[in-house]
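# Reading the structure
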Amino acid sequence: MSPTHKPNYFVDKGILKVPFNPVDDVFNSGNMTLCGNGYLGYRGTHPDWRKEQYMACTVTNTFDNADGKWKELCTVPNALYAKFQIEDEVLSAFSNKCNFYDHFLDSNYGITSGKGHWLSDKHGDVQMNWQRFASYKDLHLVVQHLKITSERGGLLQLTTGIDTEVWSLNGNHFNTASVGRSRDYFQCNIRTTEKSMPIYVMQGASGLVTNGKDVANEGGIFSEHEIHLKPGQPLCFTLYMTVYSQNDTAEPEEASKKSLLTAMNKGFDQLLAEHREEWDQKWSAAEIGIGGDDLANNLLRYNMYHNFIATPAHTDTQPIGARGLSCQAYQGAAFWDQEIYNLPMFLYTQPHVAKNLLTYRHKVINGAKAKAKALGYKGAYYPWISGDTGEELCPDHFFIDVISKRRIRNHFNDWQIHISPDISYTVMRYYQVTGDFDFLVERGAEILLEVAHFLHSRVHYNVYKDRYEILRVLGPDEYHENADNNTFTNVQAKYALEKALEVTNMLKEKQKGALKALLKKTEVTEDMLGQWHTIAHKMYIPQPDPKTHLIPQFDGYFELEDIRPMQLAERLLDESEYWGWPNGIAFETQVIKQADIVQLFVLHEYDKEVMKANYNYYEQRTHHRSSLSPGVHAIIAAQIGNLDQAYRYFLKSSLVDIANSHPPSSGGTFIGGVHTAACGIAWQIIVLGFAGFKQKGKLLQFQPSLPGHWTHVHFRLMIHGKSLMVFADSQSLTIESMEEDADFKIVCFDTEKKLKGKGKLVINRSSLSK
């Protein structure tokens, strides 16, 4: 997409506009305009929408199994329900008298809003505006303010209340749901299906002059009001919703009530001001911008917003779901996306959040050890899909053969082993960025040792070639299961083993007592440490071909049929077929689902000529069926100087939800919702890709390479506790240190300089480095 032919999705800085289309956009508009705060996500639905329009409020730390197969987060009753009717005319977005109904998301402050106009012969122009936010001051609170005006007045019939008929993906998670009214509020008490855990949802209101008539039925509890609207005079009121579960506090009913009454006492304006203050602090810590491209700036902010609200930054016991809190797809649970896609933005801007996410991995390590043991291995084999306990949530049969209607036995849960070394990789990355040795001692080292222990039990020694191999695996490209020596997996495994040994040596020098206790706890012996060294040294790593520079994705990859994705698609018998193992159309070809070798270049250093050759080869054969893939291609395309493709892939990645480019189901399984990995990688595309940033301890390297219409990029980094502001254009790099004790070595444009203390450092591109 060229800079001169870009669609206009935004009406102002950070303000996304979604014109309502009742045929196509009911589900996706709810994703795009989601409001949330890491504790809950309230879909961007209109106030009168119900489960038929995918209304849902997904709450973290509520994992429950209702259908015997899928353990997922619960969606709770909707306490912000509001239905409007003027005499016999229902004010609905679906009404043929609706002149227009626009939907907005202010991604600067997480405010969802809507406005509609209805033209009536009797009542003239009727307008309704509403706005809603999930508070970042009180994570258990969602607030909705509504305003309705009738040109000629009329009798308004207003229904508000708690709607218990919510959209749930895999079964009814309410074993019981009782509703009632206290003096000032409605209350709904839920008991979950699997564990009978109590959840309390409450609703209060302010601004309504009538008490209304209460009606309780199977659909919830509601208050019916009759209000005489005066011509041209608006009716304004606010609804408040609070949610607490017993996983949040021992007294969820009292907590929900206290939160609700406090909010009602403060009122909408004060609550909104407090909420905006919290967002200002977030954006200040993660300050970033692009000069010369409003669309790119807006897309960057939009995606970072969704990365923020998907992340349970308030706790160290919960994961980032692959669809965040936008719905229950992928069960609200973590994949490798969490460490490789979502976490880096926080690592370099709010490292305490990255620490929480890694602490979560440590707290669920017993689940990873149980999985390894069940499969006949040692150590920690982390689940492919991880919830609150670390048990494997990924079922054996994830997809269905849509032709035969038979289940497909996928091996995401027992062959996709790179998840464990990916976590080890991120533990070490956290230490390298923060210097937090205490975390290594208390948690990180145990993860590293248990993962290394697992890899030790998983590798195979090839006696004929005197090398260690990893057989029957599944790399990032999920079309090719049952692969031997997937390069990405082998490189990550070698790295994980080496870093486990490195940290062991660090502890030996600085914390001998801690090391002794850790070795005893993990049942790792000195003899085993020596074996890890041998395995790492002899691990088979496929090398670039001397002539072509190409690296095989796995053994035998280049012997597969060479065909392009568009040609291959012509073989489909059904558009919703799964393309991968065991009998999908891509399995016996070189067509890959997503970046695999190219993904490797984001995490590890390779010669630029090798990167170019492999990018050019694999890019043509990549289907990009995973939303994880375009962002990776954007980073590497920028690093090798292919700026047109880098920009195109940046847009493709950043627009995945707005453009609705990925179908919500695959192989008969629903996988819709916000693509949080694509949201998380947006920050990386700018910083690692276009700014060319790399870090090794206190050595910071930059190689700015910007699209022609960009004037500059700027961003804030937090490294070893020091705040740095970076400004880069095609000809210069400026870094400003905010700390007196800053001490870094900066390399840019083949020039090295020292940055010491508070102040600015400038490096200009010389004629020799162009």
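The structure we're discussing is the one just above.
This report concerns the structure included in the present document. Treat the numbers as computed from the prediction; the structure is a model and nothing was measured. (Residues numbered from 1 in each chain as written. Predicted model: local features only at pLDDT ≥ 70, side-chain atom pairs only at ≥ 80, totals over all residues. Heavy atoms only, no water.)

## Remarks on the sheet that holds strand β15 (residues 154–163)
Ordered in space as β10-β9-β15-β20-β19, the five strands form an open sheet in which the pairing is antiparallel. The sheet is open, and its two edges are formed by β10 (89–90) and β19 (213–217), each paired on a single side. The pairing of strand β9 (residues 78–86) with β15 spans seven bridges and is classified as antiparallel. Following the sheet pairing, Phe84 is matched in β15 by Leu158. (Pairing = 2+ DSSP bridges. Helix = DSSP H or I, 4+ residues; strand = E, 2+ residues; numbered from the N terminus.)

## Observations regarding the sheet that holds strand β29 (residues 694–696)
The strand order across the open sheet built from four strands is β29-β30-β34-β35, with neighbouring strands paired in mixed fashion. Edge positions in the open sheet fall to β29 and β35 (751–756), since each of these has one partner strand only. Within this sheet the neighbouring strands show an average axis-to-axis angle of 20°, counted without direction. Bridging between strand β34 (residues 743–748) and β35 involves six bridges; their strand directions are antiparallel. Its bridge partner lying in β35, Val747 is registered against Glu752. (Axes fitted to C-alpha atoms, helices over the stretch in contact; angles between N-to-C directions.)

## Considering the pairing of strand β14 (residues 141–150)
Along any regular strand the residues' side chains alternate between the sheet's two faces. Judged by how many residues are buried, β14 sits mostly within the fold: nine of 10 residues are covered. Of the pairings in the sheet, the one linking strand β13 (residues 124–134) to β14 comprises nine bridges and is antiparallel in character. Looking at the pairing, Gln131 lines up with His145 of β14. The turn joining β13 and β14, which pair antiparallel and follow one another in sequence, is formed by six residues. As defined by bridge partners, β14 adjoins strand β21 (residues 235–245) across eight bridges and the pair is classed as antiparallel. Counterpart to His145 in the pairing with β21 is Thr238. (Buried < 20%, exposed > 50% of the residue type's maximum accessible area, 1.4 Å probe, protein only.)

## Digging into unusual backbone geometry
Geometrically, the link from Trp581 to Pro582 is a cis peptide bond, its omega value of 0° lying close to zero. Residue position: Pro582 is located in the loop between α13 (565–569) and α14 (597–603). Of note, the phi angle at Arg472 is positive, near 50°, even though the residue is not glycine. On the secondary structure map, Arg472 appears in the loop between β26 (467–469) and α10 (487–510). Despite not being glycine, Asn485 shows a phi value in the positive range, around 55°. Of note, Asn485 is situated in the loop between β26 and α10. Looking at Asn485, the relative accessible area reads 0%, which means it is buried.

## Some details on the pairing of β21
Most of β21 is tucked away: 10 of the 11 residues are buried. Examined bridge by bridge, strand β18 (residues 198–206) and β21 share eight bridges and lie antiparallel to one another. Bridging across to β21, Val201 finds its partner in Val243.

## With respect to a nonpolar patch on the surface
A contiguous nonpolar patch, built from Tyr461, Val463 and Tyr464 and spanning about 410 Å² of accessible area, is present on the exposed surface. Inspection of the secondary structure puts Tyr461 in strand β25 (residues 460–462). Residue Tyr461 is classed as partly exposed on the basis of its relative accessible area, which comes to 41%. (Patch = residues over 30% accessible without salt bridge, like charges linked within 9 Å, V, L, I, M, F, W, Y side chains within 5 Å. Areas by Shrake-Rupley, 256 points an atom, 1.4 Å probe, with all protein chains shown as cover. Salt bridge = Lys/Arg side-chain N within 4 Å of Asp/Glu carboxyl O.)

## A look at α10
Spanning 24 residues, α10 covers 34 Å between terminal C-alpha atoms, matching the ideal 34 Å at 1.5 Å per step. With 17 of its 24 residues buried, α10 lies for the most part within the structure. (Expected span 1.5 Å × (residues − 1).)

## Observations concerning the packing of aromatic side chains
Overall, the coordinates contain 46 aromatic pairs when judged by the stated rule. Measuring from ring centre to ring centre gives 6.0 Å for Tyr348 and Trp683, while their planes differ by 15°; the resulting arrangement is stacked. Here Tyr348 is found in the loop between α5 (337–347) and α6 (351–363), whereas its partner Trp683 is found in helix α18 (residues 676–690), with 335 residues between them in sequence. Given the relative accessible area of 4%, Tyr348 is considered buried. Among the residues examined, Trp683 registers a relative accessible area of 1% and is labelled buried. Between Tyr557 and Tyr618, the ring centres sit 5.5 Å apart and the planes meet at 35°, which makes this aromatic pair tilted. (Phe/Tyr/Trp six-rings, centres within 6.5 Å; stacked < 30°, edge-to-face > 60°.)

## A closer look at the environment of Glu469
For Glu469, the location among the structural elements is in strand β26. Distance in space between the C-alpha atoms of Glu469 and Gln233 is 75 Å, their sequence separation being 236 residues. In this structure Glu469 touches Val459, His460, Asn462, Asn485 and Tyr540, once residues within four positions along its chain are discounted. Polar contacts involving the side chain of Glu469 include one to the side chain of Asn462, which spans 3.2 Å. (Contact = heavy atoms within 4.5 Å. Polar contact = N/O pair within 3.5 Å; in protein donor to acceptor, adjacent residues only side chain to side chain.)

## What about the packing of helix α4 (residues 294–310) against helix α17 (residues 643–654)?
As a packed pair, α4 and α17 sit with axes 10 Å apart at the nearest point and diverge in direction by 40°. Here α4 is positioned oblique relative to α17, judged by the angle of their axes. In the packing of α4 onto α17, the handedness of the crossing is left-handed. Packed against α4, whose contacting residues are Leu295, Ala296, Leu299 and Asn303, the element α17 presents Phe650, Leu651 and Ser654 at the interface. Among the residues forming the contact of α4 with α17, the class breakdown is five nonpolar, two polar and no charged. (Parallel < 35°, antiparallel > 145°, perpendicular 65-115°, else oblique. Left-handed = near helix turned anticlockwise from the far one by under 90°. Nonpolar A, V, L, I, M, F, W, Y, C, P; charged D, E, K, R; others polar.)

## A short note on the side chain of Glu450
Relative to the assigned elements, Glu450 resides in helix α9 (residues 437–458). A distance of 3.2 Å separates a polar atom in the side chain of Glu450 from a polar atom in the side chain of Lys369. Beyond its immediate stretch of four places on either side in the chain, Glu450 contacts Ile365, Lys369, Gly379, Ala380 and Thr522.

## Topic: the environment of His46
Here His46 lies in the loop between β4 (40–42) and β5 (57–59). What makes His46 buried here is its relative accessible area of 1%. In this structure, the C-alpha to C-alpha distance between His46 and Gly124, residues 78 residues apart in sequence, is 22 Å.

## Some remarks on the packing of α9 against helix α12 (residues 526–538)
The contact between α9 and α12 brings their axes to 11 Å, and the two run at 65°. By the angle between their axes, α9 is roughly perpendicular relative to α12. Handedness of the α9/α12 crossing: left-handed. Side by side, α9 and α12 meet where Leu449, Ala452, His453 and His456 of the first sit next to Met528, Gln531, Trp532 and Ile535 of the second. Classifying every residue of the contact of α9 with α12 gives five nonpolar, three polar and no charged.

Treat this as a map of the structure, not an account of what it does.
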